[in-house]
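# Summary of structural features
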Amino acid sequence: MTSRDVVLARVRQALADVPGGEGPGGPPVARDYHRVHGARTPEQTVDLLAENLADYRAIVHRTDAKGLPGLIGRLLAERGARTVLVPPGLDASWTTGTDVTRVEDRASSTPRELDAVDSVLTGCAVAIAETGTLILDAGPDQGRRRITLVPDHHLCVVRAPDQVVGSVPEALPRVAPDRPLTWISGPSATSDIELDRVEGVHGPRTLEVILLATDQKAD
């Protein structure tokens with residue numbers, strides 16, 4: 001038998017119990033699972049997000065709209081950043097508290113040029129409290145996927161509680177499956193065969209999340 005014959009035989013075997021005439025558009029998949037897990041207030045959901053982000057070694061800050069530019073300026077200064085990459089739709093007021101050079105996201109930017117940037121500042125599409133996950137969908141204030149994967153330091157602003165949900169099932173309807181989605185749970189990390197943790201291989205070594213709200217205390 002050829003390799004093709006082997007593969008087709010396995011396919012036929014796997015489909016042996018499928019009723020005749022049933023195709024890909026057959027019976028719908030049951031989606032009656034729980035979307036909301038437990039009863040939490042919006043404030044408790046935001047607190048859970050902060051806890052799980054920190055558990056993933058992200059650095060979490062809280063502020064309001066008035067304090068946001070100053071906080072961003074302070075974090076960039078503490079980082080020693082000289083340049084910050086920004087997507088085209090980012091609110092310009094967010095960087096008024098710093099004199100760090102803004103680098104605009106350009107389609108022509110090479111990986112080497114992106115790697116030379118000290119920090120990247122973005123918004124997000126939605127954040128999941130139970131998993132400590134940020135989802136970026138390449139929206140105007142988030143930019144293309146690569147700008148959050150190459151620079152070593154990512155500052156991500158999450159509007160809380162508006163952009164915070166409790167569970168993954170709650171998050172999925174908020175994002176479009178035909179957009180380039182980036183799911184971020186903490187800074188990039190991997191382990192080698194010796195289980196030694198290495199950060200920064202597949203994305204930023206440092207992730208700082210700013211929970212932006214009008215009803216919470218600033219740092």
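Below you will find a few notes about this structure.

For the rest of this paragraph, the subject is the overall build of the protein chain. Helix and strand counts for the protein chain come out as 5 helices and 12 strands. Relative to its length of 219 residues, the protein chain is extended, with a C-alpha radius of gyration of 21 Å against a globular reference of 17 Å. Its C-alpha atoms give the protein chain principal-axis dimensions of about 65 × 45 × 40 Å. In the protein chain, of all internal contacts separated by at least 6 residues, the share reaching a separation of at least 24 is 73%. Charged side chains in the protein chain number 24 positive and 31 negative. The centres of these two groups are separated by 4 Å.

What follows is about a nonpolar patch on the surface. A surface patch of nonpolar side chains, about 310 Å² in accessible area, is lined by Val7, Val11, Leu15 and Val18. With respect to the helices, strands and loops of the structure, Val11 is situated in helix α1 (residues 3–14). By relative accessible area, Val11 is classed as partly exposed at 40%.

This paragraph deals with the layout of surface pockets. Taken as a whole, the largest pocket encloses approximately 170 Å³ of empty space. Taken together, 13 residues line the largest pocket, and the ones lying closest to its centre are Arg40, Thr45, Val165, Gly166 and Glu170. For the lining of the largest pocket, the elements supplying multiple residues, two or more each, are α2 (42–55) and β8 (164–165). In terms of residue count, the dominant contributor to the lining of the largest pocket is α2 (3 residues). A per-class count over the lining of the largest pocket returns 6 nonpolar, 5 polar and 2 charged.

Next up on the list: helix α3 (residues 68–79). Note: α-helices contain 3.6 residues per turn, so residues at a spacing of three or four share the same orientation. With 12 residues, α3 ought to run about 16 Å at 1.5 Å a step, and its terminal C-alpha atoms sit 16 Å apart, in line with that. Every buried residue belonging to α3 is among Leu68, Pro69, Leu71, Ile72, Gly73, Leu75 and Leu76, and all of these are buried. Of the surrounding elements, those touching the buried residues of α3 are β1 (59–63), β2 (83–86), β4 (119–122), β7 (153–159) and β12 (206–212). One or two steps after α3, the chain reaches Gly80, where phi turns positive at roughly 75°.

As a further point, take the sheet that holds strand β6 (residues 133–136). The strand order across the open sheet formed by 4 strands is β8-β5-β6-β9, and the pairing between neighbours is mixed. Pairing within the sheet leaves two strands with one partner each, and these edge strands are β8 and β9 (182–184). When strand β5 (residues 126–128) meets β6, the two strands line up antiparallel, connected through 3 bridges. Note that in β6 the partner of Ala127 across the bridge is Leu134.

Let's shift gears to the environment of Ala127. Relative to the helices and strands, Ala127 resides in strand β5. Once the C-alpha coordinates of Ala127 and Ala81 are considered, the two residues, 46 residues apart in sequence, prove to be 26 Å apart. Ignoring sequence-local partners within four residues, the contact set of Ala127 consists of Leu49, Thr133, Leu134, Val158, Gln163, Val164 and Val165.

The biggest cluster of nonpolar side chains holds 19 residues, and the ones touching the most others in it are Leu49, Leu134, Val158, Val164, Val209 and Leu211. Breaking this core down by element, the ones donating at least two residues are α2, β6, β7 and β12. Among the elements that take part in this core, α2 stands out by supplying 5 residues, more than any other. When neighbours within four sequence positions are excluded, Leu211 is seen to be in contact with Val46, Leu49, Ala50, Val60, His61, Arg62, Thr63, Val158 and Ala160.

What counts as what
Residues numbered from 1 in each chain as written. Predicted model: local features only at pLDDT ≥ 70, side-chain atom pairs only at ≥ 80, totals over all residues. Heavy atoms only, no water. Helix = DSSP H or I, 4+ residues; strand = E, 2+ residues; numbered from the N terminus. Rg over C-alpha atoms; globule rule 2.2 N^0.38 Å. Contact = heavy atoms within 4.5 Å. Lys, Arg positive; Asp, Glu negative; His and termini not counted. Charge placed at Lys NZ, Arg CZ, Asp CG, Glu CD. Patch = residues over 30% accessible without salt bridge, like charges linked within 9 Å, V, L, I, M, F, W, Y side chains within 5 Å. Areas by Shrake-Rupley, 256 points an atom, 1.4 Å probe, with all protein chains shown as cover. Salt bridge = Lys/Arg side-chain N within 4 Å of Asp/Glu carboxyl O. Buried < 20%, exposed > 50% of the residue type's maximum accessible area, 1.4 Å probe, protein only. 1 Å grid on protein atoms, 1.4 Å probe; cavity = no way out; pocket = protein on both sides within 12 Å on 5 of 7 lines; lining within 4 Å. Points joined across faces, edges and corners; volume = space filled by probe spheres on them. Nonpolar A, V, L, I, M, F, W, Y, C, P; charged D, E, K, R; others polar. Expected span 1.5 Å × (residues − 1). Pairing = 2+ DSSP bridges. Core = buried A, V, L, I, M, F, W, Y, C linked by side-chain atoms within 4.5 Å.

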